[in-house]
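Report on the structure
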Amino acid sequence: MALALHPHAEAHGKAIVLGEHSVVYGFPALAAAVPGSLTLRAAALADPRAPSTLRFPAWGLELGLDARSEHPVARACLEVLGHCDGPLTGWAIEGDSRLPAGAGLGSSAALTVALARLALGPQAPVEEVVAGSMAGERVFHGEPSGIDSEVAARGGLLRFVRGQAPTPVPLVAPLTLVVVPSRVGRSTAEQVAKVRARVEGYPTLARPLLEVLGRSVDQGIEALAARDLPRLGEIMQIAHELLSALSISSPVLDALCSTALRHGALGAKLTGAGGGGCILALPGPEPGDLVDAFVAEGYEPLLVELLP
Ligand code: PMV
């Protein structure tokens, strides 16, 4: 077992660009990192046998990482440290993040990836970091697909098919995206169940929608490769409408997408499970105007800048 944690680690958040929900049915998804979204720092406690602590003011968390704790964050952290052969006691861990928790931006994967890095060190192979993160993600999400951990650890843009290694999608130029948290909570499991009900109740109507959503991913990747951002924006629009037809948008998400389009976005769609959570907008030439428009309405948009 490693005796020490490394002093500092970072991880990315994630936003699904295309292919949420259809990815559950074996189709590809395209996910983007929300770069440098979470940091952890670790300092040794005076007593190496005292339970470690996690303080995360941005998420209102102050926890003892005690083996008897029932708190899912404490249990997940101990699973990650155990998987990575890290020290299970004796450390004060302090976290900060620009990601809201539980909004579909991969906050738990960012936390568990950064924690795996504290234990494994900055040179650890990304596969080991992802495996450590997944040990914690299983506490939060049962059997997650792994896309959040992959993006949190690798960054950039990834094409992902469930059960397969993700493929990095090269960028030919910087890509700017704007994520807007709706501040409406949602349950991924309930949203996935809603789609399942549509697929079971109306298979000949719902399955083709999922197939087309799946196809939107490679068409979006082609538009990006050609640097045809208006086309990518239209494809995002189509995806939002298909997701709405599957019953997983909401009046709040539709209104946020309309606001984005009114302020120059080339496309806007719900991202992640839907029902609440966030929208993702592809800004036109003036991303600052789009950000300002949401700030003026009292939202806290996140500017996401991905580099080639
Ligand atoms: O939990 P979220 O908002 O990141 O959504 C997960 C994406 C889904 O495709 C809806 C579910 C899944 O397991 O891929």
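Presented here is a report on the structure given in the accompanying data block. Computed from a predicted structure; not experimentally measured.

**A word on unusual backbone geometry**
Residues other than glycine seldom take positive phi values, yet Arg-183 does so here, at roughly 65°. Here Arg-183 is to be found in the loop between strand S8 (175–181) and helix H5 (188–201). Take Arg-183: its relative accessible area is 57%, and that puts it in the exposed class. With a phi angle near 80°, Ser-247 is a residue other than glycine that sits in the positive phi range.

**Quick notes on the sheet that holds S8**
Spatial ordering of the open sheet is given by S9-S10-S8-S11, a layout of 4 strands whose pairing is antiparallel. Each edge of the open sheet is held by one strand with a lone partner, namely strand S9 (267–271) and strand S11 (302–306). In this sheet, adjacent strand axes meet at a mean angle of 25° when their direction is disregarded. With 5 bridges connecting them, S9 and strand S10 (residues 278–282) associate as antiparallel partners. The residue of S10 that forms the bridge with Thr-271 is Cys-278. Lying over the sheet, helix H7 (residues 229–245) contacts S8, S9 and S10, oriented at roughly 40° with respect to S9.

**Let's talk about the site of the ligand**
Every residue near the ligand is listed here: Lys-14, Ile-16, Glu-20, His-21, Val-23, Val-24, Gly-104, Arg-186, Thr-188, Val-192, Gly-272 and Ala-273. Surface burial for the ligand is 86%, taken as the share of its 380 Å² of free accessible area covered by protein chains. At the level of secondary structure, the elements contributing two or more residues to the shell around the ligand comprise strand S1 (8–18) and H5. A breakdown of the residues in the shell around the ligand according to their chemical character gives 5 nonpolar, 4 polar and 3 charged.

Conventions we followed
- Residues numbered from 1 in each chain as written.
- Predicted model: local features only at pLDDT ≥ 70, side-chain atom pairs only at ≥ 80, totals over all residues.
- Heavy atoms only, no water.
- Helix = DSSP H or I, 4+ residues; strand = E, 2+ residues; numbered from the N terminus.
- Buried < 20%, exposed > 50% of the residue type's maximum accessible area, 1.4 Å probe, protein only.
- Pairing = 2+ DSSP bridges.
- Axes fitted to C-alpha atoms, helices over the stretch in contact; angles between N-to-C directions.
- Contact = heavy atoms within 4.5 Å.
- Near = heavy atom within 4 Å.
- Areas by Shrake-Rupley, 256 points an atom, 1.4 Å probe, with all protein chains shown as cover.
- Nonpolar A, V, L, I, M, F, W, Y, C, P; charged D, E, K, R; others polar.

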